[in-house]
Amino acid sequence: MNLDNKTLDKLYKLAEKAYKKGEIPVSAIILDKNNKIVSAKYNNRQNKYNILGHAEILAIQNLEKKTKDWRLDGYKMLVSLEPCDMCSMVINKSRLDHVYYVLPSESNDKNDNFSIKKSKLNIDKEFELKFQKLLTNFFNNKRWKPPFLWYNIQQEGLVWLIKFYIENIDLIISIM
């Protein structure tokens, strides 16, 4: 599938918007047969307290309202992350022609009982790494770390001092 950078930038900016709002940075865009964007959404599950707040489902619902039809034959979807099983089932039932994703999902059940046509987007590796970095940063920031491991360049001296203290506690006690 041939895409212009403008469409991929839009997909990335939507994922970035989700990231800034504390959502998993996943975005979805639906294109018509002329590759014109007709629907674009990002995850909002946490902020809207809605289990169905996945980008793919929100983009489908948005287009259904616009077209006043639940049958979305002739449309294709771009997603920043390969759809989960729930989204795959909704995509299948909505009759989208094809789903293209930037990053493969490691958590999906590989049985894929929902028979959607999907394939990985063949895009510039540098652009793909931007999506990967956004997703990785999101989950790294969610994991708990001891406070002395959270540091930036300004705090590096303090971290060094704490590590020195921890590693040399016996020496410090014997001097006292």
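One can find the structure itself at the top, above this paragraph.
Reading the values: the criteria
- Residues numbered from 1 in each chain as written.
- Predicted model: local features only at pLDDT ≥ 70, side-chain atom pairs only at ≥ 80, totals over all residues.
- Heavy atoms only, no water.
- Pairing = 2+ DSSP bridges.
- Helix = DSSP H or I, 4+ residues; strand = E, 2+ residues; numbered from the N terminus.
- Axes fitted to C-alpha atoms, helices over the stretch in contact; angles between N-to-C directions.
- Contact = heavy atoms within 4.5 Å.
- Patch = residues over 30% accessible without salt bridge, like charges linked within 9 Å, V, L, I, M, F, W, Y side chains within 5 Å.
- Areas by Shrake-Rupley, 256 points an atom, 1.4 Å probe, with all protein chains shown as cover.
- Salt bridge = Lys/Arg side-chain N within 4 Å of Asp/Glu carboxyl O.
- Lys, Arg positive; Asp, Glu negative; His and termini not counted.
- Charge placed at Lys NZ, Arg CZ, Asp CG, Glu CD.

Draft legend 1. Here's a closer look at the sheet that holds strand E2 (residues 37–42). One open sheet holds the five strands; their spatial order is E2-E1-E3-E4-E5, and the pairing between them is mixed. Looking along the sheet, the strands with just one partner apiece sit at the ends: E2 and strand E5 (118–120). The mean inter-strand angle of the sheet, taken between neighbouring strand axes irrespective of direction, is 20 degrees. Sheet topology places strand E3 (residues 76–81) next to strand E4 (residues 98–103); five bridges connect them, and they run parallel. Within the sheet, the bridge partner assigned to Leu81 lies in E4 and is Leu103. Against the sheet, helix H1 (residues 5–20) engages strand E1 (27–31), E2, E3 and E4, with an angle of about 145 degrees to E1.

Draft legend 2. Expanded view of a positive patch on the surface. Among the surface-exposed residues, Lys10, Lys17, Lys21 and Lys48 lie close enough to one another that they form a single positively charged patch. Within the fold, Lys10 resides in helix H1.

Draft legend 3. Expanded view of the pattern of salt bridges. This structure, assessed with the given rule, holds four salt bridges. One salt bridge connects Glu82 with Lys118, and the closest N-O pair in it is separated by 2.8 Å. Within this pair, whereas Glu82 is found in the loop between E3 and helix H4 (85–94), its partner Lys118 is found in strand E5, the two being separated by 36 residues in sequence. A salt bridge links Glu128 to Lys125; the shortest N-O distance between them is 3.8 Å. Here the residue Glu128 and the residue Lys125 both occupy positions in helix H5 (residues 125–142), the gap between them amounting to three residues, near one helical turn.

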